[in-house]
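# Survey of secondary and tertiary structure
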Amino acid sequence: MDELPRCRRATWDDIDRWAETLAERIRAADRVPDTIVGLTRGGWVPSRLLSDRLGVRRIVSLRAQHWGVTATPTGAAQVTEGLSGPVAGQRVLIVDDITDTGESLRLAVEHVTDGGAARITTATLLHIAHSKFVPDFFAEEIPRDAWVWVVFPWNYWEDLRALAEKAAGDSPDPEAARRKLRERCGLDVPRADLERVLGSRPLG
Ligand code: AMP
């Protein structure tokens, strides 16, 4: 993360609404799977929510890594941990939180195809319009000129720590970091949260 990115904090209510929208669309299109493949780590919570809503009891995990710390892509996407269970002959739904470059999902489809799935459907909560890979289903699209780093509730502390360290630089003043996060990232966070992630640093 060279610059502090524009951010949007997603709430649990957003997640619930997006999961509901996705489930409705998947059901309406008659694409309810036998198995959900949840990409780690962003796809795990959405996978579990879809499993509940679609009545799909089997979730298999796949780890595709692409982005390093918050908003910093680390180069080519790679499958770093294969499928945690077999998918041969299964109708599979691959789930992630967001498609940005689309590389993780593209790679996951390749991997699940190699695993012998009978049918593959893809779904994400959010889709950024510039992504090279367009999921079959997504709940909301982010226009290509409105790119943001989405701070999902399951990634809040990890994202906040990375952003806060960047915003704080060498300054001991958490208020200055807080202001920077608000102005540059559009993130309004409680001072106590900043103190927690900046931890042992000397605070003003
Ligand atoms: P990608 O392969 O670029 O489509 O994205 C891979 C993963 O990185 C996603 O599943 C997210 O967990 C994370 N990610 C990428 N872009 C964003 C973003 N703009 N906001 C939040 N998380 C992101």
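Source: prediction; values computed, not measured.

## Here's the deal with the domain arrangement of the chain
With domains assigned, the chain is organised as domain 1 (7-150) and domain 2 (153-197). The partner domain 2 presents 13 residues to the 15 residues of domain 1 that form the contact. With both sides pooled, the region where domain 1 packs onto domain 2 buries about 1100 Å², and carbon together with sulfur makes up 61% of that total. If you look at where domain 1 meets domain 2, you find 1 salt bridge. Remark: the boundary between domain 1 and domain 2 carries 3 residue pairs in polar contact (both at pLDDT 80 or more). Listed by contribution, the elements that provide at least two residues to the side of domain 1 that touches domain 2 are strand E1 (7-9), helix H1 (12-28), helix H2 (44-54) and strand E8 (149-151). Grouping the constituent residues of the side of domain 1 that touches domain 2 by class yields 9 nonpolar, 3 polar and 3 charged.

## Topic: the pairing of strand E5 (residues 91-99)
Look at any regular strand and the pattern is simple: side chains alternate between the two faces of the sheet. When you tally the buried positions in E5, you get 8 out of 9 residues, the bulk of the element. Judged from the 4 bridges that link them, strand E2 (residues 35-40) and E5 form a sheet pairing that is parallel. By the bridge assignment for E5, Ile-36 is matched with Leu-93. Pairing analysis gives 8 bridges linking E5 to strand E6 (residues 119-128), with the strands arranged parallel. Bridging across to E6, Ile-94 finds its partner in Thr-122.

## Things to note about the pattern of salt bridges
If the charged atoms of two oppositely charged side chains come close together, the side chains can form a pair. Inspection of every chain in the model, using the stated rule, returns 15 salt bridges. With its nearest N and O atoms 2.7 Å apart, the salt bridge here joins Asp-34 to Arg-91. Here Asp-34 is found in the loop between H1 and E2, whereas its partner Arg-91 is found in strand E5, with 57 residues between them in sequence. Look at Asp-34 and you get partly exposed, because its relative accessible area is 28%. Measuring nitrogen to oxygen at the nearest pair gives 3.3 Å for the salt bridge that ties Glu-103 to Lys-132. Pair noted here: Glu-103 is in helix H3 (residues 103-114) and Lys-132 is in the loop between E6 and strand E7 (137-142), with a separation of 29 residues, a long-range link. Since its relative accessible area comes to 14%, Glu-103 is described here as buried.

## Quick notes on the state of the cysteines
Following the criterion strictly, the structure yields 0 disulfides and no others. Cys-7 forms no disulfide, and the closest cysteine sulfur to it belongs to Cys-185, at a distance of 4.5 Å. Given the relative accessible area of 8%, Cys-7 is considered buried.

## Digging into the packing of helix H4 (residues 156-168) against helix H5 (residues 174-185)
Orientation of H4 relative to H5, taken along the N-to-C sense of each, is 105 degrees, at an axis distance of 9 Å. Considered as vectors, H4 and H5 are oriented roughly perpendicular to each other. Contacts between H4 and H5 involve Leu-160, Leu-163, Ala-164, Ala-167 and Ala-168 from the former and Ala-177, Lys-180, Leu-181 and Cys-185 from the latter.

## Side note on the pairing of E2
With 6 of its 6 residues buried, E2 lies for the most part within the structure. Along E2, one buried face is formed by Thr-35, Val-37 and Leu-39 and the opposite face, lined by Ile-36, Gly-38 and Thr-40, is buried too.

## Digging into the nonpolar core
Judged by nonpolar contacts, the single largest core of 23 residues is most densely connected at Trp-18, Leu-50, Leu-93, Leu-126, Val-150 and Phe-152. At the level of secondary structure, the elements contributing two or more residues to this core comprise H1, H2, E5, E6 and E7. Among the elements that make up this core, the one with the highest residue count is H1 (5 residues). When sequence neighbours within four positions are dropped, the list of residues in contact with Leu-93 reads Ile-26, Pro-33, Thr-35, Ile-36, Val-37, Leu-50, Leu-54, Thr-121, Thr-122 and Ala-123.

## Digging into the environment of Ile-94
Locating Ile-94 in the fold gives a position in strand E5. On a C-alpha basis, the gap between Ile-94 and Glu-140 in space is 17 Å, while along the polypeptide they are 46 residues apart. Those residues in contact with Ile-94 that lie beyond four places of it in its chain are Val-37, Leu-39, Leu-105, Ala-108, Val-109, Val-112, Ile-120, Thr-121, Thr-122 and Ala-123.

Rules and cut-offs
- Sequence positions are assigned chain by chain, starting from 1 and proceeding in written order.
- Confidence filtering applies because this is a predicted model: local features only for residues at pLDDT of at least 70, side-chain atom pairs given and counted only at 80 or more, and all residues used for totals across whole chains, interfaces and linings.
- As a rule here, side-chain values come from all non-hydrogen atoms in the structure, and water together with hydrogens is ignored.
- Where each domain begins and ends is defined by an automated method or by a domain database.
- Contacts are assigned to residue pairs that have any heavy atoms within 4.5 Å of one another.
- When two components associate, each loses some accessible surface as probed by a 1.4 Å sphere; the sum of these losses over both components is called the buried area.
- A side-chain nitrogen of Lys or Arg and a carboxyl oxygen of Asp or Glu constitute a salt bridge if their distance falls within 4 Å.
- Pairing of N or O atoms within 3.5 Å defines a polar contact, subject to two protein rules: one partner must be a possible hydrogen donor and the other a possible acceptor, and residues neighboring in sequence count only if both atoms are side-chain atoms.
- Only DSSP runs of H or I covering at least 4 residues are called helices, and only runs of E covering at least 2 are called strands; the numbering of each starts at the N terminus.
- In the scheme used here, Gly and all other residues not listed as nonpolar or charged are polar, with Ala, Val, Leu, Ile, Met, Phe, Trp, Tyr, Cys and Pro taken as nonpolar and Asp, Glu, Lys and Arg as charged.
- Buried residues are those whose accessible area, probed at 1.4 Å on protein chains only, stays under 20% of the maximum for their type, while exposed residues exceed 50% and partly exposed ones sit between those limits.
- Paired strands are those between which DSSP finds at least two bridges.
- By disulfide we mean two sulfur atoms from cysteines, separated by a distance within 2.5 Å.
- Working convention: axes come from line fits to C-alpha atoms, limited for helices to the stretch in contact. Angles between N-to-C directions cover 0 to 180 degrees.
- Should an angle fall under 35 degrees it is taken as roughly parallel, and over 145 as roughly antiparallel, whereas 65 to 115 is taken as roughly perpendicular and any remaining angle as oblique.
- Here the nonpolar core consists of buried residues drawn from Ala, Val, Leu, Ile, Met, Phe, Trp, Tyr and Cys, with membership extended through side-chain atoms lying within 4.5 Å.

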